[in-house]
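# Reading the structure
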Amino acid sequence: MPANKKHLSSGGQRFLKITAGILGGFIVTILFHNAIAVLLKDKGWLIITSAYSSFIIWVFMIVLAFMAKSGWKIWGIYLSIALLFGIILYLFK
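What counts as what
- Residues numbered from 1 in each chain as written.
- Predicted model: local features only at pLDDT ≥ 70, side-chain atom pairs only at ≥ 80, totals over all residues.
- Heavy atoms only, no water.
- Axes fitted to C-alpha atoms, helices over the stretch in contact; angles between N-to-C directions.
- Helix = DSSP H or I, 4+ residues; strand = E, 2+ residues; numbered from the N terminus.
- Parallel < 35°, antiparallel > 145°, perpendicular 65-115°, else oblique.
- Left-handed = near helix turned anticlockwise from the far one by under 90°.
- Nonpolar A, V, L, I, M, F, W, Y, C, P; charged D, E, K, R; others polar.
- Core = buried A, V, L, I, M, F, W, Y, C linked by side-chain atoms within 4.5 Å.
- Buried < 20%, exposed > 50% of the residue type's maximum accessible area, 1.4 Å probe, protein only.

## Here's the deal with the packing of helix α1 (residues 11–39) against helix α3 (residues 71–92)
Running from N to C, α1 and α3 cross one another at 15 degrees; their axes reach a closest spacing of 9 Å. Considering the angle they form, α1 stands roughly parallel to α3. Note that α1 runs across α3; the crossing there is left-handed. Its residues placed into classes, the contact of α1 with α3 shows 20 nonpolar, seven polar and one charged.

Pasting the structure below:
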C-alpha cells in the first residue's frame, strides 16, 4: 500500500531536508564543540567525550531536520545556530 501523497514532501524540499540534516547538522555539531572548547580551560576530557557526544548530537540534528515541514526553515535555523557558535568562537578566542 503506497503512502498518502499529502504527507510526502516534494523533491526539492526532500533535498533541502537531507542536506540540512547531514551537512548542516555536522556544521552545527562541530561548531558547538569548538565553542565549548573555547569557553573551557581544561580541554582534555572534552576531546575524549566529543567523539560520542558529537555523533549523538549529529543524529539528533538529522532527525530534527526530517521532522521539519520546510527545508528552508530548518536550513535557516541551523545557519543561525552556526552563526551564534561562530560569534562565540570569534569573541572568546
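Still more ground to cover, so stick around.
## What to know about the nonpolar core
In this structure, A20, V28, L31, I74, Y78 and F85 are the most contacted members of the largest nonpolar core, which totals 14 residues. Elements with a minimum of two residues in this core: α1, α2 (44–67) and α3. Sorting elements by how many residues they give to this core places α3 first, with six residues.

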